[in-house]
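Below, each chain spelled out in residue letters.
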Amino acid sequence: MKRRKFLKNASLTGVGLAVGSTLAACADTKTDTTENNNSEIVTASNSTGTLPLVIATWHVKEATAKAMEVLQKGGNALDAVEQGCMVEEANEKGQSVGKGGLPDRDGNVTLDACIMDKHGNCGSVVYLQNITHAVSVARKVMEDTPHVMLAGEGAKKFAISQGFEAEDLLTEASKEAWEKWKVEAKYKPIINIENHDTIGMLAIDKNGDISGACTTSGLAYKMGGRVGDSPIIGSGLFVDNEIGACVATGLGEEVVKTVGSFLVVELMRQGKSPQEACEEAISRIVNKPNSNYKDFQVGYIAVNKNGQTGSYSIHQWFSMTKFQDGVNEQIQSDFFNKENV
Ligand code: ASP
């Protein structure tokens, strides 16, 4: 089931949380056992636990399972986040990442992605076309070029020179959705709380080293040439191996304006828990004078060096997938706007 639909259909009932033996503290637990989603929704905060661990934005259990498989085989956090993100990039049914991503207003699928390792090295691609695994191209930029970011045609040429295959990323389903959108096409991209589905993933390996990655086709029906927060180091993603890491999803423009992920990591450096840091970063957005936050969604997930995690969003229905202590679970995020809830 599509992440968005799943989250919409889910209703929160009951209480309960599967925890590993080393978890120190859990709070706000709610479990959803809704028949038709075959999954659990759990709200939790401030839990700590054993390494390795993986967290990701939204409901992406297959992706976190892949990342955990890499970590359990002794792989490092960088390999884990890359391979985890690749699962969603290859998933044609996910219309927000890689193949099958919804196009811009002109029908072009353009991808943004970045990756960051334990040394603070990073690589990123923006406005990449025709290459499914944008996150892997970003890693190549980091490892095989003296640069941090490649854009557009140059990024594509580089990818092809590295052996990536060019292919058409616009699937029939995404083309159909775009044709439908064109009937009433508005100048602005559709901005609501549901059309943001960047996959952001953070992992800590058994050595305690942290890496992160982020990949997206950006806002559906965006203006041609538009680039969001996801490939911008410090906005869509930031990793500091001494402190922790954060990744963002939602309306990229708002994340860029507050340098969101860097902000969350710096707040953790000042002593805030990942949960508190995510909440503070959201409050910077919603408390701006004349903020129109009711019209858009932003969500953050974060992890600190101790394996504590947090997530927070402006509106309801944001979630994080977390794999730790043998439990791969969807954790419903707490959120700011409780009006009409
Ligand atoms: N943050 C992404 C962007 O603005 C969108 C998303 O999270 O889906 O491009």
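These lines cover the structure that appears in this document, whether it is placed above or below. (Residues numbered from 1 in each chain as written. Predicted model: local features only at pLDDT ≥ 70, side-chain atom pairs only at ≥ 80, totals over all residues. Heavy atoms only, no water.)

The topology assignment puts Asp112 in strand E4 (residues 111-116). Of the side chains with opposite charge, Lys222 lies nearest to the buried Asp112, which makes no salt bridge, at 4.9 Å. At 3.1 Å, the side chain of Asp112 and the backbone nitrogen of Tyr127 are in polar contact. For Asp112, the side chain forms a polar contact with the main-chain nitrogen of Gly228, separated by 3.3 Å. The residues contacting Asp112, other than those within four sequence positions of it, are Val125, Val126, Tyr127, Cys214, Thr215, Thr216, Val227, Gly228, Ser230 and Pro231. (Helix = DSSP H or I, 4+ residues; strand = E, 2+ residues; numbered from the N terminus. Buried < 20%, exposed > 50% of the residue type's maximum accessible area, 1.4 Å probe, protein only. Lys, Arg positive; Asp, Glu negative; His and termini not counted. Salt bridge = Lys/Arg side-chain N within 4 Å of Asp/Glu carboxyl O. Polar contact = N/O pair within 3.5 Å; in protein donor to acceptor, adjacent residues only side chain to side chain. Contact = heavy atoms within 4.5 Å.)

Right, let's get into the side chain of Ser319. Tracing the sequence through the fold places Ser319 in strand E13 (residues 319-324). Polar contacts involving the side chain of Ser319 include one to the side chain of Gln330, which spans 2.9 Å.

Another aspect to go through is the site of the ligand. For the ligand, the set of nearby residues contains twelve residues, the closest of which are Asp197, Thr198, Arg226, Asp229 and Thr249. Between the ligand and the protein, one listed contact pairs a nitrogen atom with a side-chain N or O atom of Asp229 at 2.6 Å. When isolated, the ligand has an accessible area of 270 Å², and the protein chains bury 100% of it. (Near = heavy atom within 4 Å. Areas by Shrake-Rupley, 256 points an atom, 1.4 Å probe, with all protein chains shown as cover.)

Further remarks concern the packing of helix H8 (residues 260-269) against helix H9 (residues 274-286). For the pair H8 and H9, the least separation of the axes is 9 Å and the interaxial angle reads 135°. In terms of their interaxial angle, H8 and H9 are classed as oblique. You can see that H8 and H9 cross each other, and the crossing is right-handed. Of the residues in H9, those in contact with Gly260, Leu263, Val264, Leu267 and Met268 of H8 are Pro274, Ala277, Cys278, Glu280, Ala281 and Arg284. (Axes fitted to C-alpha atoms, helices over the stretch in contact; angles between N-to-C directions. Parallel < 35°, antiparallel > 145°, perpendicular 65-115°, else oblique. Left-handed = near helix turned anticlockwise from the far one by under 90°.)

The next subject is the packing of aromatic side chains. Under the counting rule described, the total for this entry stands at four aromatic pairs. Above the face of the Trp178 ring, Lys182 is positioned so that its terminal group lies 3.8 Å from the ring centre. (Phe/Tyr/Trp six-rings, centres within 6.5 Å; stacked < 30°, edge-to-face > 60°. Lys NZ or Arg CZ within 6 Å of the ring centre and 35° of its normal.)

Before going further, it helps to spend a moment on the pattern of salt bridges. Scanning the entire structure with this criterion turns up 15 salt bridges. Ionic pairing is found between Glu69 and Lys73, a salt bridge with its closest N-O pair at 3.1 Å. A relative accessible area of 34% means that Glu69 is categorised as partly exposed. A salt bridge links Lys118 to Asp209; the nearest nitrogen and oxygen atoms lie 3.5 Å apart. Taken together, the positions of Lys118 in the loop between E4 and strand E5 (122-128) and Asp209 in the loop between strand E7 (199-204) and strand E8 (210-216) put the pair 91 residues apart, joining distant regions of the chain. Judged by its relative accessible area of 15%, Asp209 is buried. Each of Asp79, Glu82, Arg139 and Glu143 takes part in a single network of salt bridges with overlapping partners.

Counting residues in hydrophobic clusters, the biggest one holds 44 residues, and the most contacted among them are Leu202, Leu237, Val264, Val298, Tyr300 and Ile314. Excluding residues that lie within four positions of it along the chain, Leu237 makes contacts with Cys114, Ile115, Met116, Leu202, Gly212, Ala213, Cys214, Ile232, Cys246, Val247 and Ser261. Ranked by size, the runner-up nonpolar core spans 39 residues in total, among them Ala113, Val125, Ile131 and Phe323. (Core = buried A, V, L, I, M, F, W, Y, C linked by side-chain atoms within 4.5 Å.)

Counting buried positions along H8 gives eight out of ten residues, so the element sits mostly inside the fold. When we look at burial in H8, the residues that qualify are Gly260, Ser261, Leu263, Val264, Val265, Glu266, Leu267 and Met268. The secondary structure elements touched by the buried residues of H8 are strand E9 (237-240), strand E10 (244-250), helix H7 (252-257), H9 and strand E11 (298-304). Once H8 finishes, Gly271 follows within two positions and takes phi at roughly 110°, a positive value.

Attention now goes to the sheet that holds strand E15 (residues 334-335). One key point about sheets: their strands pair by backbone hydrogen bonds, in either a parallel or an antiparallel sense. Pairing in this open sheet of five strands is mixed, and the strands run E9-E10-E11-E12-E15 from one edge to the other. Taken across any chain shown, the strands that pair with only one partner, and hence form the sheet edges, are E9 and E15. The sheet contact formed by E10 and E11 spans seven bridges and is antiparallel. Following the sheet pairing, Gly250 is matched in E11 by Val298. Packed onto the sheet, H8 meets E9, E10 and E11 and runs at close to 145° relative to E10. Each of E11, strand E12 (309-313) and E15 touches H9; the most contacted strand, E12, lies at about 20° to it. (Pairing = 2+ DSSP bridges.)

Let us look at the pairing of E13. Of all six residues in E13, six are buried, a share of seventy percent or more. On E13, burial covers both faces: Ser319, Thr321 and Phe323 on one face and Met320, Lys322 and Gln324 on the other are all buried. Pairing geometry for strand E3 (residues 53-57) and E13, over five bridges, is antiparallel. Along E13, the bridge assignment pairs Val54 with Phe323. The antiparallel pairing of E13 with strand E14 (residues 327-332) creates a hairpin that spans two residues between the two strands, and Asp325 there sits at a positive phi of about 50°.

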